[in-house]
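The residues making up each chain are set out below.
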Amino acid sequence: MSFPHLLLALAVIVVWGTNFVVIKLGLGELPPLLFATLRFFFSCVPWLIFVRRPAVPWRFLVANGLFLGFGLFGLLFIAMRRDIAPGVASLLVQTQAFFTIMLAMLLLGERMRAFQAAGLALCVAGLAMFFFHVDANTTVLGLLLTLGCGLSWAVANLVAKKAAQVAPALNMLGFMVWSSLFAVPPLLLASLVFEGPQRIAGGLAHASAFGWAASVWQGVANTLFGYGVWNWLLARYPAATISPLSLLVPVVGMASAAIWFGEPVPVWKLEAGTLVLLGLATITLWPRLRVRFVSA
């Protein structure tokens with residue numbers, strides 16, 4: 001991997017990792033479902049004018065928008081409002097890796113391999129530690145909602161995988177832009193029902209320049225730049241080269257939350273995070289390491 005491309009990958013990691021701090025700050029000005037609505041609004045407007053619709057059936061765009069929109073970020077923003085700390089959230093959403101494996105087994109008939117079982121066991125052990133240490137900043141509800149985010153992300157992964165099988169030359173940036181369109185209506189409807197027109201109007205009227213900037217950042221930097229560059233790199237390098245770098249996202253997320261908010265990082269949290277990351281690393285890296293070991 002060339003040095004300029006490595007810097008691009010690390011820039012994406014920094015954007016994705018620090019995004020949890022941006023989310024928490026944005027939630028101080030906007031209701032969570034409205035904030036999520038604005039995020040996906042800025043992910044598709046005005047980009048729909050310039051990006052051609054990908055040649056896949058509409059059902060893939062609708063499903064990806066629903067599970068990424070309401071399922072991932074809708075639940076994440078609700079949880080981060082007051083039920084989970086940003087650093088912990090940045091770690092737990094990565095559980096999408098083992099949810100993806102479980103769903104692939106149930107829906108696609110894939111078999112679990114020994115290294116995947118070992119990785120899952122490490123992840124579960126780390127998650128159990130978080131449930132044993134709930135407090136005012138990280139509640140059981142917040143943990144469950146964030147695990148729901150990981151599950152929704154896993155479903156979206158399978159939708160994108162199926163879409164890529166239907167259209168091998170699929171432009172993933174276009175897929176993200178057009179699927180974002182279908183995240184907006186359900187999030188806006190949920191905001192109207194659960195947050196109400198008055199909170200929506202008040203949030204829009206009183207949001208500062210930073211609140212609007214946080215919304216645009218969610219849509220443009222986190223989605224279009226992040227996913228655009230990431231998929232561009234995946235098209236040029238083996239997945240085994242690029243994908244493991246995503247393990248740095250929770251490291252950046254927990255570090256930035258500790259620096260910005262003073263989020264405590266006790267020994268047990270380091271141990272729990274290490275177990276989860278080891279589990280994810282085992283799932284992600286073992287096939288590549290095994291090939292090198294056997295070849296040696």
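Going by the structure above, here's the rest.
No experiment lies behind these values; they were computed from the predicted model shown.

K.L.:
Is there a simple way to think about the side chain of threonine 37 in this case?
P.N.:
In this structure, threonine 37 sits in helix α2 (residues 32-44). Setting aside residues no more than four positions away along its own chain, threonine 37 makes contact with Val184, Leu187 and Leu188.

K.L.:
What exactly am I supposed to notice about unusual backbone geometry here?
P.N.:
For residues that are not glycine, phi is negative in most cases, and the peptide bond is trans in most cases. With an omega of 5°, the peptide bond running from valine 45 to proline 46 counts as cis. Turning to its location among the elements, proline 46 is positioned in the loop between α2 and α3 (58-82).

K.L.:
How should α3 be read in this particular structure?
P.N.:
For α3, spanning 25 residues, the distance from its first C-alpha to its last is 36 Å, which sits close to the expected 36 Å at 1.5 Å a residue. At glycine 74, α3 shows its maximal kink, close to 25°.

K.L.:
Teacher, can you tell me more about the side chain of serine 180 here?
P.N.:
As for its position among the elements, serine 180 is in helix α8 (residues 172-181). Other than its neighbours up to four places away in sequence, serine 180 contacts Phe40, Ser43 and Cys44.

K.L.:
Any chance you could explain the environment of leucine 103 here in plain terms?
P.N.:
If you trace the backbone, leucine 103 turns up in helix α5 (residues 96-108). Note on leucine 103: relative accessible area 14%, which makes it buried. The sequence separation of leucine 103 and proline 250 amounts to 147 residues, and the corresponding C-alpha distance is 23 Å.

K.L.:
Explain the packing of aromatic side chains here, please?
P.N.:
To describe a pair of aromatic rings, one takes the distance between the centres and the angle between the planes. On inspection of all chains with the given rule, the structure shows seven aromatic pairs. Ring centres of phenylalanine 41 and phenylalanine 42 lie 5.4 Å apart, and the angle between their planes is 80°; this geometry places the pair in the edge-to-face category. A relative accessible area of 36% places phenylalanine 41 in the partly exposed class. Relative to phenylalanine 77, the ring of phenylalanine 73 has its centre 6.1 Å away and its plane inclined at 75°; by these criteria the two rings are edge-to-face. Pair noted here: phenylalanine 73 and phenylalanine 77 are both in helix α3, with a separation of four residues, about one helical turn. For phenylalanine 77, a relative accessible area of 0% gives the class buried. Chaining the aromatic ring pairs together yields one cluster made of Phe35, Phe40, Phe73 and Phe77.

K.L.:
Looking at this structure, I do not really get the pattern of salt bridges. What am I missing?
P.N.:
Pairing between side chains of opposite charge can happen when their charged atoms approach one another. Inspection of the entire model under this criterion finds one salt bridge. One salt bridge connects glutamate 263 with lysine 269, and the closest N-O pair in it is separated by 3.5 Å. A relative accessible area of 9% means that glutamate 263 is categorised as buried. Overall, the relative accessible area of 7% leaves lysine 269 in the buried class.

K.L.:
Whenever I open this one, the nonpolar core confuses me. Can you help?
P.N.:
Soluble, globular proteins show a tendency: their nonpolar side chains are buried together. Val56, Leu76, Phe77, Met80, Ile84, Phe130 and Phe175 are the most contacted members of the largest nonpolar core, which totals 90 residues. Considering every element that reaches this core, the biggest residue donor is helix α7 (residues 140-166), with twelve residues. Residues within four places of valine 56 in sequence aside, it is in contact with Leu61, Ala163, Ala167, Leu170 and Phe175.

Basis of the calculations
Residues numbered from 1 in each chain as written. Predicted model: local features only at pLDDT ≥ 70, side-chain atom pairs only at ≥ 80, totals over all residues. Heavy atoms only, no water. Helix = DSSP H or I, 4+ residues; strand = E, 2+ residues; numbered from the N terminus. Contact = heavy atoms within 4.5 Å. Expected span 1.5 Å × (residues − 1). Bend = angle between axes of the 7 residues up to and from the residue. Buried < 20%, exposed > 50% of the residue type's maximum accessible area, 1.4 Å probe, protein only. Phe/Tyr/Trp six-rings, centres within 6.5 Å; stacked < 30°, edge-to-face > 60°. Salt bridge = Lys/Arg side-chain N within 4 Å of Asp/Glu carboxyl O. Core = buried A, V, L, I, M, F, W, Y, C linked by side-chain atoms within 4.5 Å.

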